[in-house]
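Residue-level structure breakdown
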Amino acid sequence: MSMDKIREAILNGASSEVFSSLEIPKTYRAAHIKANEQEMFKGLSSNEKDPRKSIHVGEVPTPEIAPDEVLMAVMASSINFNTVWSSIFEPVSSFGALTRLAKESEWAKRHDLDYQVIGSDASGVVLRVGSAVRNWKPGDRVTVHCNHVDDQDQSAHDDAMLAGNQRIWGYETNFGGLADLAVVRANQLMPKPEHLTWEEAAVNALCNSTSYRMLVSKNGARMKQGDVVLIWGATGGIGAYAVQYVVNGGGIPVGVVSSPDKADILRKLGCEAIIDRKAANYQFWNDNGTQNESEWRRLGKDIRGLVGEDPDIVFEHPGRSTFGASMYVVKRGGTVVTCAATSGFMLEFDNRHFWMRLKRLIGSHFANYREAWEANRLIAKGMIHPVLSQVFDLANVGEATYQVHHNMHEGKIGVLCLAPSEGLGIDDPETRARIGEDKLTVFRRG
Ligand code: NAP
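Notes on the structure follow. Keep in mind it's a predicted model, so treat the numbers as computed, not measured.

The next point concerns the pattern of salt bridges. By the definition in use, this model includes 28 salt bridges. With a shortest N-O distance of 2.9 Å, Arg-267 and Asp-264 are connected by a salt bridge. One end of the pair, Arg-267, and the other, Asp-264, are both in helix 9 (residues 260-268), three residues apart, so they sit about a helical turn from each other. Here Asp-264 falls in the partly exposed class, since its relative accessible area comes to 39%. Between Arg-445 and Glu-410 there is a salt bridge, with its nearest N and O atoms 3.1 Å apart. Placement of the pair is Arg-445 in the segment after helix 17 (437-440) and Glu-410 in the loop between helix 15 (397-405) and strand 18 (412-416), with a sequence separation of 35 residues. By relative accessible area, which is 37% here, Arg-445 ends up partly exposed. Looking at Glu-410, the relative accessible area reads 15%, which means it is buried. Connected through salt bridges with shared partners, the residues Asp-50, Arg-52 and Glu-399 form a single ionic network.

Quick look at the packing of aromatic side chains now. For the structure shown, the criterion picks out nine aromatic pairs. Seen in terms of ring centroids, Tyr-212 and Tyr-245 are 5.7 Å apart; in terms of plane orientation they differ by 70°. Their pairing is edge-to-face. Here Tyr-212, found in helix 7 (residues 205-215), pairs with Tyr-245, found in helix 8 (residues 237-248); they are 33 residues apart in sequence, far enough to count as distant. Lys-192 extends its terminal NZ or CZ atom over the ring of Trp-198, reaching a point 5.2 Å from the ring centre.

Overall, antiparallel pairing links the three strands, which are arranged 2-1-4 in an open sheet. Sheet topology places strand 2 (56-61) and strand 4 (115-117) at the edges, where each strand pairs with a single neighbour. Taken pair by pair, the neighbouring strands of this sheet meet at an average axis angle of 60°, ignoring direction. When strand 1 (residues 27-34) meets strand 2, the two strands line up antiparallel, connected through six bridges. Along strand 2, the bridge assignment pairs Tyr-28 with Val-60. Across the sheet, helix 5 (residues 95-102) lies against strand 1 and strand 4, angled at about 90° from strand 4, the strand it touches most.

Moving on, we come to the side chain of His-385. Checked against the element boundaries, His-385 lands in the loop between helix 14 (369-380) and strand 17 (388-393). The contacts of His-385, once residues within four sequence positions are left out, are Tyr-241, Gln-244, Ile-379, Ile-435, Lys-439 and Leu-440.

Rules behind the numbers
Residues numbered from 1 in each chain as written. Predicted model: local features only at pLDDT ≥ 70, side-chain atom pairs only at ≥ 80, totals over all residues. Heavy atoms only, no water. Salt bridge = Lys/Arg side-chain N within 4 Å of Asp/Glu carboxyl O. Helix = DSSP H or I, 4+ residues; strand = E, 2+ residues; numbered from the N terminus. Buried < 20%, exposed > 50% of the residue type's maximum accessible area, 1.4 Å probe, protein only. Phe/Tyr/Trp six-rings, centres within 6.5 Å; stacked < 30°, edge-to-face > 60°. Lys NZ or Arg CZ within 6 Å of the ring centre and 35° of its normal. Pairing = 2+ DSSP bridges. Axes fitted to C-alpha atoms, helices over the stretch in contact; angles between N-to-C directions. Contact = heavy atoms within 4.5 Å.

Put into structure tokens, the structure is as follows:
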């Protein structure tokens with residue numbers, strides 16, 4: 001009942017005073033995993049582990065908020081690859097992170113529960129602010145970035161991603177975004193881009209900020225005009241934003257995908273140099289566990305065939321299956337920037353090519369508040385666009401996660417939480433019309 005009133009207030013654009021006076025429900029609907037099921041997939045391969053079995057959607061108690069936090073109503077959220085990792089308890093179960101977090105403070109103890117509300121993206125409306133929150137008030141329409149940092153720690157200053165207690169909200173903390181309510185720190189909030197629907201606004205923060213740091217930020221590869229950038233998974237969550245950053249920044253993207261349909265999406269993004277890795281059928285690894293340098297060379301030749309030179313930057317994340325090739329094909333003096341290892345994290349490459357050709361390797365992880373803010377600003381200005389392909393209801397979040405786990409999707413999958421239907425939440429139709437529906441719907445299916 002009180003949740004219906006919250007939804008109604010949001011849909012009616014109620015005032016801050018109205019939001020302040022709304023009753024907060026004692027429980028709320030949330031996608032969660034259970035500590036007593038951490039071993040449920042023991043002995044199975046990654047592919048056999050089924051998120052539809054481990055993710056539950058049901059009522060959980062509403063937590064208190066700390067002085068530096070806000071309680072928000074979540075209109076929409078998204079599936080990230082970390083939703084897959086949480087739900088299959090790989091590479092480690094996330095419950096250990098909650099136990100470690102609980103040791104930090106009295107407030108942190110709330111996180112250590114026998115369930116974890118997952119999800120690292122959200123768009124919605126602030127309902128309550130803690131007593132130390134300065135810049136936000138009930139009624140504010142927001143998106144959330146997932147860098148969870150305690151700014152009392154000296155290590156959190158300079159670059160917050162280097163903070164000793166840096167965590168990813170909704171993955172290494174509780175009370176995440178795949179729910180009707182969420183608890184976030186005030187320093188995770190950003191204004192919702194006004195020309196977007198709730199579901200379009202919900203899919204960007206994690207992947208867009210990650211790609212911004214990897215390619216644009218001084219903490220990443222510092223791409224410059226004319227740079228050739230090889231992008232693995234170029235229509236996946238982070239790859240689809242990476243392509244946009246390369247095109248916007250005057251670079252030359254070489255996008256790798258695995259189907260002609262994905263190649264069509266890339267052309268619509270302005271990426272002309274495309275490799276279909278399935279058609280090319282690269283065999284970087286031999287059956288006996290050694291790597292095949294002639295296949296690395298074949299990839300290099302294919303890239304030269306398309307753009308006439310080697311990549312200045314490789315946007316790397318598949319990990320074990322591609323890493324040796326990425327380190328080989330990158331130009332003399334070039335940079336491989338990596339944020340992940342989807343296919344396996346024990347990597348192997350030929351160090352001779354690395355040192356003799358003076359290459360560089362940069363490890364990158366999410367983004368600090370400033371970087372996430374800059375990335376969100378580019379969305380708000382219509383210079384980077386959401387890559388929403390499909391929308392699921394919260395009740396079907398297990399199936400949505402299954403699709404991401406098995407690479408059955410493109411771009412990002414959005415999830416409706418309190419939003420009753422798609423298409424709501426646009427506050428600036430003029431900007432939307434100026435940008436054009438075609439730009440905002442490149443990834444939409446059907
Ligand atoms: P995604 O939406 O599933 O996209 C990944 C893409 O990679 C797929 O579209 C697929 O494209 C390609 N791919 C998958 N396996 C591959 C393989 N073996 N060889 C070559 N290409 C492969 O996932 P995402 O959201 O982009 O995330 C990608 C990875 O980055 C995940 O591991 C995720 O956890 C990680 N990540 C890390 C951070 C961070 O802050 N550190 C942030 C975001 C994501 P094709 O099949 O079309 O080639």
